[in-house]
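Per-entry structural report
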Amino acid sequence: MPTNNQVQDCGTLIVQVAQVTADVLILLFQVLYAFILSIVTLVVRKQPKSVRGEIVLITGAGHGIGKELAFLYASQGATVVIWDINEKNGTQTVKEIEQLGHPKAHFFLCDVSNRENVLTVAKDVQQKVGDVTILINNAGIMPTHPLLEHSKDEIQRIMDINVMAHFWTLEAFLPVMKKHNYGHIVSLSSTAGIFGIPNLVPYCCSKYAVRGLMEALYQECRADKKNEIKFTSIYPYMVDTGLCKKPIIKFQNLMPLVNPKEAAAEIMDAQRRDLNEITIPRYIFYAHNLCRMLPLKAQLFIFDFVGVGLESDLS
Ligand SMILES: NC(=O)c1ccc[n+]([C@@H]2O[C@H](COP(=O)([O-])OP(=O)(O)OC[C@H]3O[C@@H](n4cnc5c(N)ncnc54)[C@H](O)[C@@H]3O)[C@@H](O)[C@H]2O)c1
Ligand SMILES: *[C@@H]1O[C@H](CO)[C@@H](O)[C@H](O)[C@H]1NC(C)=O
């Protein structure tokens, strides 16, 4: 004869099992729902939201992808704030935007790797232009050579500009976004932030860091159910800005350098449609995730076959 206690234990166990089974069933439905939703949004593309009246701050917008982004946002009616360490190129960007007939562009000299400088210039921006609603962390550098040929100052510089700067701009602009529960953070990582590449050890490290920062921050903000601040991480393949000095591409026709204007258009589109992350081009996302499920040796065969890389900029 089972005792009363044993009967009770058995009863709780059955209730617990039923509860977990129900939870797992709910989870399965949620996953299925997410799948269907993502397929539907692939087919019926979400309308890009307007950026008219937004204040968009783009770091490193004196040249390359950042500059193209500044043109695009200005042409869509946004107020554009350009930050760069290079004064000549930053003011030149403003001048070219104004020549196109968009008066709402401002340049501020700022070294994003310097926390004091970031916080001071951010205050200046707030007083002269207003609250930044879209922050695009774009400034970056890419010294390219074997790890042991990187100087310690260079490694430090890569981490300061490509990673630490994100903390300082977030410190400057996230509080106001939180206060209004409104805003968008966009960060430039790289395909070098999803797989390791020879001659780019510190750079890959910095771009992996950006990915981790963005993913964790997204999760943290999402924990607040009312959060409306959006996050977008960008992983471009090599873009034709001069940043990649000696690209090696085996299949020139299949994998050409990305045009900076096209890269900027993809980035703005991803931001305006609230996409959480995109690779440029898009197929790399799927190819990479599939590849990661394979055994290491198979991954390496594929890596060698694709044959994309960068020669040392010292040789
Ligand atoms: N070009 C590519 O192939 C490629 C690929 C993947 C990711 N990315 C990333 O995209 C971003 C933009 O790259 P790009 O090719 O347009 O580079 P770029 O060199 O053409 O432009 C970068 C701009 O950032 C500015 N800058 C550098 N250090 C700064 C600092 N400390 N403070 C403020 N401004 C600073 C430079 O003066 C320059 O105007 C970078 O983060 C880069 O890592 C580029
Ligand atoms: C400034 O712009 C010119 C012309 O686009 C470019 O050649 C140069 O490399 C830029 N300087 C920097 C530091 O990005």
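The model shown is predicted, which means the values in this text are computed figures rather than measured ones.

Moving on, we come to the site of ligand 2. Residues in contact with ligand 2, as listed here, are His63, Asn86 and Asn89. In this structure, Asn89 approaches ligand 2 through a side-chain N or O atom, which is 2.5 Å from an oxygen atom.

Positionally, Thr144 belongs in the loop between strand 4 (134–137) and helix 5 (152–180). Within the structure, Thr144 has its side chain in polar contact with the backbone oxygen of Met142 (distance 2.9 Å). Discounting residues that sit within four places of it in the chain, Thr144 has contacts with Asn199, Leu200, Leu310, Glu311, Ser312, Asp313 and Leu314.

Now for the environment of Glu311. You can see Glu311 is positioned in the segment after strand 9 (308–310). Placed 165 residues apart in sequence, Glu311 and Pro146 show a C-alpha to C-alpha distance of 9.6 Å. Not counting chain neighbours up to four residues away, the residues in contact with Glu311 comprise Thr144, Asn199, Lys246 and Ile248.

Sequence positions flagged by UniProt for "transmembrane region" (unreviewed entry) are, in local numbering, residues 24–44. Here residues 24–44 runs as 95% helix and 0% strand, with 30 Å between its end C-alpha atoms.

For the rest of this paragraph, the subject is the nonpolar core. If you look at the biggest cluster of nonpolar residues, it comprises 46 residues, and the most contacted ones within it are Ile58, Leu69, Tyr73, Ile82, Ile136, Ile234 and Ile267. No other element matches the six residues that helix 2 (residues 64–75) contributes to this core.

Moving on to the sheet that holds strand 6 (residues 230–236). Taken together, the seven strands give an open sheet; going across it, the order is 3-2-1-4-5-6-8, and neighbouring strands pair in parallel fashion. Among the strands making up the open sheet, the edge pair consists of strand 3 (105–109) and strand 8 (277–280). When strand polarity is set aside, the average angle formed by the axes of neighbouring strands in this sheet is 15 degrees. In this structure, strand 1 (residues 55–59) lies alongside strand 2 (residues 79–84), joined through five bridges in parallel fashion. Residue pairing across strands places Thr59 opposite Trp83, the latter belonging to strand 2. Where helix 5 meets the sheet, it contacts strand 1, strand 2, strand 4 and strand 5 (184–188), and its direction lies at approximately 170 degrees from that of strand 4. Helix-sheet contacts for helix 7 (residues 260–272) involve strand 4, strand 5, strand 6 and strand 8, and the interaxial angle to strand 8 is about 165 degrees.

Rules used throughout
For every chain, the first residue of the written sequence is number 1, and numbering continues from 1 along that sequence. To read the labels, note that chains go from A and ligands from 1, taken in the order they are written. With pLDDT at 70 or above as the cut-off, local features in this predicted model cover only qualifying residues; side-chain atom pairs require 80 or more to be listed or tallied, and sums for whole chains, interfaces and linings still use all residues. Each side-chain value is worked out from all heavy atoms of the structure, with water and hydrogens disregarded. Whether a residue is near a molecule or strand depends on its heavy atoms: it is near if one of them lies within 4 Å of it. Between N or O atoms, a polar contact is any pair within 3.5 Å; within protein, one atom must be a potential hydrogen donor and the other a potential acceptor, and residues adjacent in sequence are included only when both atoms are from side chains. Only runs of H or I of at least four residues qualify as helices and only runs of E of at least two qualify as strands under DSSP, and these elements are numbered from the N terminus. Note on definitions: a residue-residue contact is assigned when non-hydrogen atoms from the two residues lie within 4.5 Å. UniProt positions are given in the numbering used here, feature names are shortened, and annotations may be inferred rather than shown by experiment. Residue types Ala, Val, Leu, Ile, Met, Phe, Trp, Tyr and Cys, when buried and joined through side-chain atoms within 4.5 Å, form a set referred to as a nonpolar core. Whether a residue is buried, partly exposed or exposed follows from its accessible area with a 1.4 Å probe, protein chains only, as a fraction of its type maximum: under 20%, in between, or over 50%, in that order. Strands are labelled as partners when DSSP assigns at least two bridges between them. For every element, the axis is a line fit to its C-alpha atoms; helices are fit only across the contacting stretch, and the angle between N-to-C directions ranges from 0 to 180 degrees.

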